[in-house]
Amino acid sequence: WQCNDKFKGEERCKTPHVTEEQIKQKFVEAFNRLFDDKAEIIANCEMIATMLTDTSAIEDERNALLREIEIVAELTHKLVEQNASIAQNQTDYLATYNGYVERYNQATERLKSLEQAILVKKSKADAFDAFIKTMRTINEQLTEFDEMLWVHTIDVVRVMPNRTMCFVFQNGSEITLWDKTQ
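All values reported here derive from a predicted model rather than from experimental measurement. (Residues numbered from 1 in each chain as written. Predicted model: local features only at pLDDT ≥ 70, side-chain atom pairs only at ≥ 80, totals over all residues. Heavy atoms only, no water.)

> Describe unusual backbone geometry, and please don't skip the residues or the numbers.
One non-glycine residue, Arg-163, adopts positive backbone phi at about 75°. Within the secondary structure, Arg-163 sits in the loop between strand S1 (154–159) and strand S2 (164–169). (Helix = DSSP H or I, 4+ residues; strand = E, 2+ residues; numbered from the N terminus.)

As structure tokens, this is what we get:
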């Protein structure tokens, strides 16, 4: 494995290439270090997951926005009906109408961002749940690489120019190891 920018541009990446076998070997070592604190890791994950993935406040705001959108849509509908049936000052009508449209657009934009925030938090909750479930199923340290364990526990691995590998787990834990090979 090597950096995608290894041979691009004038300032080339100085990160050394690593073999898949080196990564797998270091994963086993990193996971076993994490495993040493299994009970504490699981307890911390459960507590952190509860704090970081709670969507109740966002859902409350979303529900309030949905009500506001409904009200503004109804006000706009009534305004249009009133304008169609009763002669009105069109300058005043357009100012009110544009105000409603602006209010509606702002609410729908905020609603989109809240929906995205909820999705992100639920995705984090799923990742924490998968990590915790996986950690609970492992009863002994690894003796060899396990691909499914990799998929359920690793978020990213960073390889540094000095051959250090930093394993970032789904729960946010980081374990840095020096690769003395080569």
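Here the narrative resumes.
> Tell me about the confidence of the model for the chain, and name the residues and values.
Parts of the prediction with low pLDDT should not have their coordinates interpreted in detail. Here the chain shows a mean pLDDT of 90. Residues at 70 or above account for 95%. Confidence, expressed as mean pLDDT per element, reaches its minimum in the chain at helix H2 (residues 38–52) with 89 and its maximum at helix H3 (residues 56–85) with 96. (pLDDT = per-residue confidence, 0-100.)

> Can you lay out the pattern of salt bridges for me, pointing to particular residues and giving the numbers?
Going through the model one piece at a time under the given rule, you end up with 10 salt bridges. Residue Glu-29 pairs with Lys-26 through a salt bridge whose shortest N-O separation is 3.1 Å. One end of the pair, Glu-29, and the other, Lys-26, are both in helix H1 (residues 20–36), three residues apart, so they sit about a helical turn from each other. By relative accessible area, which is 30% here, Glu-29 ends up partly exposed. Note that Arg-158 and Glu-174 form a salt bridge whose closest N and O atoms lie 3.4 Å from each other. Taken together, the residues span a long stretch of sequence, with Arg-158 in strand S1 and Glu-174 in strand S3 (residues 174–178) at a distance of 16 residues. Given a relative accessible area of 35%, Arg-158 falls into the partly exposed group. Overall, the relative accessible area of 47% leaves Glu-174 in the partly exposed class. Residues joined in a network through salt bridges with shared partners are Lys-26, Glu-29 and Arg-33. (Salt bridge = Lys/Arg side-chain N within 4 Å of Asp/Glu carboxyl O. Buried < 20%, exposed > 50% of the residue type's maximum accessible area, 1.4 Å probe, protein only.)

> Which residues make up the side chain of Lys-38, and what are the values?
With respect to the element layout, Lys-38 can be found in helix H2. One buried charged residue, Lys-38, remains without a salt bridge, the closest side chain of opposite sign being Glu-140 at 10 Å. Of the polar contacts made by the side chain of Lys-38, one reaches the backbone oxygen of Met-135; its length is 3.2 Å. Looking at Lys-38, its side chain comes within polar contact range of the main-chain oxygen of Ile-138, at 2.3 Å. Aside from chain neighbours lying at most four places away, what touches Lys-38 is Met-135, Arg-136, Ile-138 and Asn-139. (Lys, Arg positive; Asp, Glu negative; His and termini not counted. Polar contact = N/O pair within 3.5 Å; in protein donor to acceptor, adjacent residues only side chain to side chain. Contact = heavy atoms within 4.5 Å.)

> An account of the nonpolar core is requested, with residue identities and associated values reported.
Within the largest apolar cluster, 25 residues are counted, with the highest numbers of intra-cluster contacts made by Phe-27, Phe-31, Leu-34, Phe-131, Phe-167 and Phe-169. At the level of secondary structure, the elements contributing two or more residues to this core comprise H1, H2, helix H4 (90–137), S2 and S3. With seven residues, H1 is the single largest residue contributor to this core. One finds Leu-65, Ile-69, Leu-114 and Ile-118 within the second-largest nonpolar core, a separate group that totals seven residues. (Core = buried A, V, L, I, M, F, W, Y, C linked by side-chain atoms within 4.5 Å.)

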